[in-house]
Structures are given as C-alpha cells and as structure tokens.
Amino acid sequence: MAGACCKCTFSLSVFKRSLSVAPRGCGSAPRSLLSCWRLGERALQEAARPSSALRPACFYRHSTFSCLSCQESMSESLRTCYLYLNQTSRSFAAVIQALDGELRHAVCIFYLVLRALDTVEDDMTIPMDKKVPMLNDFHTFLYQDEWRFTESQEKDRQVLADFPTISVEFRNLAKEYRDVISDICHRMGVGMAEFLDKKVGSMKEWDLYCHYVAGLVGIGLSQLFSASQLEDPEVGRDTEMANSMGLFLQKTNIIRDYLEDIQVGRAFWPQEAWSQFAGRLEDFAQPEKLDSALSCLNFLVTDALRHVPDVIAYLSRLQNQSVFNFCAIPQVMAIATLSTCYNNPMLFKGVVKIRKGQAVTLMMEATNMRAVQTIMAQYNQEILQKVSHTDPTRDKTLRILALIREKSAVSQSNLPSRTAHLSPMYLSAAMLLAALSWQYLSTTAAQAQGTGDMKGQ
C-alpha cells in the first residue's frame with residue numbers, strides 16, 4: 001500500500017466532463033471524459049489571471065509537485081504517476097495533493113486510470129471493433145503487469161503507453177481502494193461503450209449518460225473517502241447523493257458550453273428538451289429563435305437545480321476539512337455558473353462565465369457548511385429574481401428554488417466539526433497560490449515552446 005506522506009497545503013477539486021453523444025460520422029472528436037474538472041479548473045484559471053506582476057518561477061517551484069519530503073518518500077513509479085498527473089490535469093495536479101494521507105495517492109491513481117480509459121474513448125483512430133472490447137475490458141488491464149497501448153494518437157497517449165507504471169501503483173494501493181477503482185473503471189467503460197454511437201434522446205437517457213461520465217466518479221470518490229476512514233461509511237454507501245454531486249457538475253458544464261459544442265458539431269443537450277422549442281438544436285444560435293432558446297435553457301437549468309438539495313445534504317455529512325474543500329468549491333462554482341446562465345441571451349452568442357473576483361470570493365469562502373449554505377441561498381435568490389412570468393417551466397422552477405431555499409436555511413446547530421491541520425482560510429489562500437503557480441508555469445511553458453518553435457524555423 002502506498003504510504004502516507006506529509007500534509008501538502010493545497011486544496012479544491014472536481015472530476016469530469018463528457019463522453020460524446022454526437023454521431024460518429026460527424027467528424028468531431030468527443031469531449032474529454034475527465035473535463036468536468038473544467039468547471040473548477042476554469043475558475044482557478046480565471047482567479048489566477050495576473051492582475052499584478054508575477055513572481056519568479058522559483059517562488060512556485062515546490063507547488064508544482066507536492067513538497068520535497070513527499071517526493072523523497074515516494075517510489076520512482078509513484079513519482080512518475082504524479083508527473084503524469086501534472087501533465088494531464090494542469091491546475092488540479094497541485095490540488096489533488098491537498099487531500100490527507102494515503103487518500104491523496106488513491107485519488108491520483110483513480111484520476112490516471114480514468115484518464116487512460118478516456119484516452120481510449122477519445123481516440124478516433126481506434127476502429128470500433130477494437131475500441132469497444134478495450135472499453136469493456138479496461139478494468140482487467142489494471143491487473144496485467146505489462147499491458148500497454150502504444151497506438152494512440154491522443155495528446156495524453158503517454159498514460160496508455162506507460163500504463164504499467166500506473167497499474168503497478170494501482171496494485172500497491174490497499175485492497176479497499178483497488179476494489180473501488182476497478183469497479184468504477186469497469187462500469188464506466190461499459191457505459192462509454194454503450195454511448196459510443198448513441199445519441200441522448202430522453203431526459204432519462206441524459207441522466208444515465210451523465211451518470212456514466214460524472215455520477216460514477218462522484219460515487220467512486222465517495223467510496224474512496226470512506227475507505228480512507230477520513231469520512232463515515234455512510235458517505236460511500238449513499239450512492240444516490242454521490243451520483244447527484246457528479247450530475248450537478250456535468251449538467252452545468254453541458255448547459256454552459258452550448259455554443260462551443262454546436263460550433264464544432266457536437267450535440268449534448270437532450271433531444272427531449274430542445275425538440276419542445278426548436279426543430280434543430282443549432283437553431284438556438286439564430287437571433288430570431290432567442291425566445292425559444294431561453295425557454296429551453298431555463299428548462300435544463302431547472303433540471304440541473306433539482307440535484308442541489310442532494311448536494312447540500314452530501315456536503316453536510318463531510319467531516320474532514322481536506323475532503324470538504326475538495327468537494328464543496330466545485331459545487332458552489334456550479335450554482336454560481338447556473339445563476340449566470342439562467343435566462344441569459346449571451347449563452348447563445350459567446351462565452352458565459354463567472355467573474356474573476358467572484359471566483360476568488362467563492363474559493364476563499366466555501367470552506368465550511370454554513371458558508372456553503374449561504375452561498376447556495378444567495379444564488380438561489382438570484383435565479384428566483386430572473387424567473388419570467390411567461391417562462392414555460394416557471395412553476396417547476398419555483399418549486400425547486402423553494403426546496404433549495406428550505407434546505408439552505410436548515411438549522412446548522414448539528415453540523416459536524418471538521419478535522420484539519422490548517423485553518424480553512426489558510427487552505428484557501430494556499431489554493432489560490434496553487435492557481436497562480438499553475439497559471440505562471442503554463443504561461444512560461446507556452447512561451448518557451450513558442451521560442452523553441454521560432455528557433456526551429
């Protein structure tokens with residue numbers, strides 16, 4: 001079992017984003033499985049955009065790869081896994097390391113296994129008759145010492161080419177972690193294979209699709225939290241609430257990215273929703289279809305909001321500070337994003353995102369349950385003020401907002417206390433430092449690559 005190493009002072013998280021539902025003949029690559037991390041990662045990058053002079057690279061050096069004592073206690077293969085984590089997850093490489101003890105390693109390996117699985121699914125050069133068996137059987141490769149795949153053309157192909165390094169560290173984990181990761185990998189691979197050439201039609205299929213690409217990650221993470229004994233067993237047993245955590249993030253991403261997806265020929269909004277308001281999903285981008293577009297948008301935001309009561313209940317159970325930060329911040333980012341999207345014509349014209357200052361405030365504040373409930377209530381009220389008297393989904397939206405308001409106002413006298421080596425405010429400050437670090441390193445790496453390209457010309 002991978003040993004625990006010292007506590008590194010970073011914090012935040014979120015897992016996943018989606019598997020393509022566009023027809024395979026459309027020629028566009030599917031959206032990355034793990035990019036539901038994008039909701040929190042975008043917020044990190046927004047918060048980290050330089051508004052003042054950046055510090056020299058040496059100031060950030062230790063934040064790029066855990067702390068020195070952590071590195072020294074790792075095996076060579078585990079250090080390589082964290083290197084791959086840095087290469088594939090950008091901002092969140094530092095943030096995963098906020099978790100306490102051995103849970104940090106389990107989540108790192110969980111991420112890399114799913115990244116490898118996703119790389120297979122994303123690779124359009126792999127024939128379907130080869131890809132489907134690979135997805136269905138991928139979990140078995142975790143127990144094969146030498147299995148690797150060297151034919152991928154994807155940007156993250158290294159996690160497949162050097163899969164033995166990842167799989168050996170998987171096998172070094174405690175059995176309770178291995179069982180969770182293998183099970184989720186199996187179920188997710190089967191789900192991905194199912195949706196390879198299948199469109200999401202009904203709202204039930206949208207829930208199933210989001211379950212495969214995001215809900216299962218929420219379930220897996222919850223089971224890892226419980227297996228680590230940092231959280232109560234009930235956190236891992238209640239799969240319905242864990243599933244809602246993933247679905248809320250996934251649906252928020254899909255709603256927000258309508259225009260980006262349409263412009264590259266991808267379709268993620270469920271047909272049962274958009275067909276009520278238009279003949280084609282892409283029609284919503286036309287100015288004359290704005291009223292219909294907003295009606296469909298508000299319909300989908302309302303559907304996503306129904307997961308918020310479960311999110312509040314889930315977060316209220318968490319006791320470990322690092323786990324709470326890992327889970328809570330992406331959820332408050334999501335409801336802030338939905339508030340910005342609701343009834344917003346700009347979603348069909350350009351990029352809709354929360355402001356940099358807003359992202360910073362959310363990251364600094366969302367470190368305890370009282371603050372999270374206050375934030376949820378705030379954005380719930382913002383959405384309420386935008387509900388139109390003529391919106392077709394008005395009644396349903398008002399009912400869900402009333403339920404969220406009730407859950408956000410529940411007496412907090414029985415909220416659990418959390419264990420933390422560092423204060424929540426310090427962790428938030430460290431998290432922002434991590435964001436600045438990764439923004440700086442990404443910028444300097446890009447500049448270095450550009451310089452190298454010019455020299456090679």
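Nothing here was measured: the structure is a model prediction, and the numbers come from that model.

## Regarding the overall build of the chain
Move 1: In terms of regular secondary structure, the chain is built from 22 helices and zero strands.
Move 2: Counting over 457 residues, the chain shows a buried share of 58%.
Move 3: Restricting the contact set of the chain to residue pairs at least 6 apart, pairs at least 24 apart contribute 77%.
Move 4: Here the chain has roughly 18,000 Å² of accessible surface; of this, 52% comes from carbon and sulfur atoms.

## Let's talk about the side chain of Thr 302
Move 1: You can see Thr 302 is positioned in helix H16 (residues 290-305).
Move 2: What makes Thr 302 buried here is its relative accessible area of 1%.
Move 3: Not counting chain neighbours up to four residues away, the residues in contact with Thr 302 comprise Thr 393, Lys 396, Thr 397 and Ile 400.

## Some details on the pattern of salt bridges
Move 1: This model, assessed by the stated rule, comprises 20 salt bridges.
Move 2: Residues Arg 115 and Asp 118 are paired through a salt bridge, measuring 3.7 Å at the closest nitrogen-oxygen approach. Note that Arg 115 and Asp 118 are positioned in helix H6 (residues 103-122) at a spacing of three residues, about one turn of the helix.
Move 3: Note that Asp 156 is salt-bridged to Lys 155, the shortest N-O span being 3.3 Å.
Move 4: With a relative accessible area of 10%, Asp 156 lands in the buried category.
Move 5: Classification of Lys 155 by relative accessible area gives exposed; the value is 68%.
Move 6: One continuous salt-bridge network, built from bridges that share partners, spans Arg 115, Asp 118, Lys 155 and Asp 156.

## Overview of the nonpolar core
Move 1: Grouped together as the largest cluster of nonpolar side chains are 128 residues, with contacts concentrated most on Phe 138, Trp 269, Phe 284, Tyr 314 and Leu 315.
Move 2: With 14 residues, the top contributor of residues to this core is helix H11 (residues 203-227).
Move 3: Excluding residues that lie within four positions of it along the chain, Phe 138 makes contacts with Val 113, Ala 116, Leu 117, Val 120, Trp 147, Leu 160, Phe 163 and Cys 185.

## Some remarks on the environment of Glu 365
Move 1: Along the chain, Glu 365 turns up in helix H19 (residues 356-365).
Move 2: Taking the C-alpha atoms as reference, Glu 365 lies 8.8 Å from Ile 375; in sequence the two are 10 residues apart.
Move 3: Setting aside its immediate chain neighbours within four residues, Glu 365 contacts Ala 371 and Ile 375.

## Some details on helix H7 (residues 128-137)
Move 1: For H7, the complete set of buried residues consists of Lys 131, Met 134 and Leu 135. One side of H7 carries all its buried residues, which in axial view fall inside an arc of 95°.
Move 2: Packed against the buried residues of H7 are H6 and helix H10 (175-194).

## A short note on the packing of aromatic side chains
Move 1: Across all of its chains, the model carries 16 aromatic pairs by this definition.
Move 2: Ring geometry for Phe 138 against Phe 141: centres 5.4 Å apart, planes inclined by 70°, an arrangement best described as edge-to-face.
Move 3: Seen in terms of ring centroids, Phe 141 and Trp 147 are 4.0 Å apart; in terms of plane orientation they differ by 10°. Their pairing is stacked.
Move 4: Residue placement shows Lys 198 over the ring face of Phe 195; its charged tip is 4.8 Å from the ring centre.

## Description of H10
Move 1: When the terminal C-alpha atoms of H10 are compared, their 29 Å separation across 20 residues agrees well with the 28 Å that a helix rising 1.5 Å per residue should span.
Move 2: Residues Tyr 177, Arg 178, Val 180, Ile 181, Ser 182, Ile 184, Cys 185, Met 188, Gly 189, Gly 191, Met 192 and Ala 193 constitute the buried set of H10.
Move 3: Tucked inside the fold, the buried residues of H10 contact H6, H7, helix H9 (163-172) and H11.

## Some thoughts on the packing of H6 against H11
Move 1: Relative to each other, H6 and H11 sit at 155°, their axes nearing to 10 Å. It follows from the interaxial angle that H6 and H11 lie roughly antiparallel. Helix-helix and strand crossings are classified by hand; for H6 and H11 the assignment is right-handed. Residues Leu 103, Ala 106, Val 107, Phe 110 and Leu 114 of H6 form the contact with H11, whose participating residues are Val 217, Gly 220, Leu 221, Leu 224 and Phe 225.

## Side note on the side chain of Ser 222
Move 1: Looking at the secondary structure, you find Ser 222 in helix H11.
Move 2: There is a polar contact of 2.6 Å between the side chain of Ser 222 and the side chain of Tyr 314.

## As for unusual backbone geometry
Move 1: A positive phi is found at Gln 229, a non-glycine position, where the angle reads about 70°.
Move 2: Tracing the sequence through the fold places Gln 229 in the loop between H11 and helix H12 (233-237).
Move 3: Backbone geometry at Asn 343 places phi at a positive 55°, although glycine is not the residue there.
Move 4: Note on placement: Asn 343 falls in the loop between helix H18 (321-341) and H19.

Rules and cut-offs
- The residue numbers shown here count from 1 along each chain, following its written sequence.
- Selection of residues for local features in this predicted model requires a pLDDT of at least 70, selection of side-chain atom pairs for listing and counting requires 80 or more, and totals for whole chains, interfaces and linings are taken over all residues.
- Note that water and hydrogens are dropped before the side-chain values are worked out from all heavy atoms of the structure.
- Every helix listed is a DSSP run of H or I at least four residues long, and every strand listed is a run of E at least two residues long, numbered separately from the N terminus.
- Burial classification: accessible surface area is computed with a 1.4 Å probe over protein chains only, and a residue below 20% of its type maximum counts as buried, one above 50% as exposed, and the rest as partly exposed.
- Throughout, a contact is declared for two residues whenever any of their heavy atoms are within 4.5 Å.
- All accessible areas in this document rest on Shrake-Rupley with a 1.4 Å probe, and a residue is counted as covered only by the protein chains that are shown.
- Basic side-chain nitrogens of Lys or Arg form a salt bridge, by our definition, when they fall within 4 Å of a carboxyl oxygen of Asp or Glu.
- What we call a nonpolar core is a set of buried Ala, Val, Leu, Ile, Met, Phe, Trp, Tyr and Cys residues that are connected through their side-chain atoms within 4.5 Å.
- In this context, the arc is that of the directions from the helix axis out to the C-beta atoms.
- For Phe, Tyr and Trp, rings pair up if their centres lie within 6.5 Å, where Trp contributes its six-membered ring, and each pair is then called stacked (planes under 30 degrees apart), edge-to-face (over 60) or tilted (otherwise).
- Working rule: Lys NZ or Arg CZ, within 6 Å of ring centre, within 35 degrees of ring normal, means a charge sits over the ring.
- Here the expected length of a helix is defined as 1.5 Å per residue gap, with one fewer gap than residues.
- Lines fitted to C-alpha atoms define the axes here, with helix axes fitted over just the stretch in contact, and angles between the N-to-C directions of these axes take values from 0 to 180 degrees.
- Here the angle decides the label: under 35 degrees means roughly parallel, over 145 means roughly antiparallel, 65 to 115 means roughly perpendicular, and every other value means oblique.
- Whether a crossing is left-handed or right-handed is set by the direction in which the near helix is turned from the far one by less than a right angle, anticlockwise for left-handed and clockwise for right-handed.
- Polar contact is the term for a pair of N or O atoms within 3.5 Å; when the atoms are in protein, one must be able to donate a hydrogen and the other to accept it, and sequence-neighboring residues count only if both atoms are side-chain atoms.

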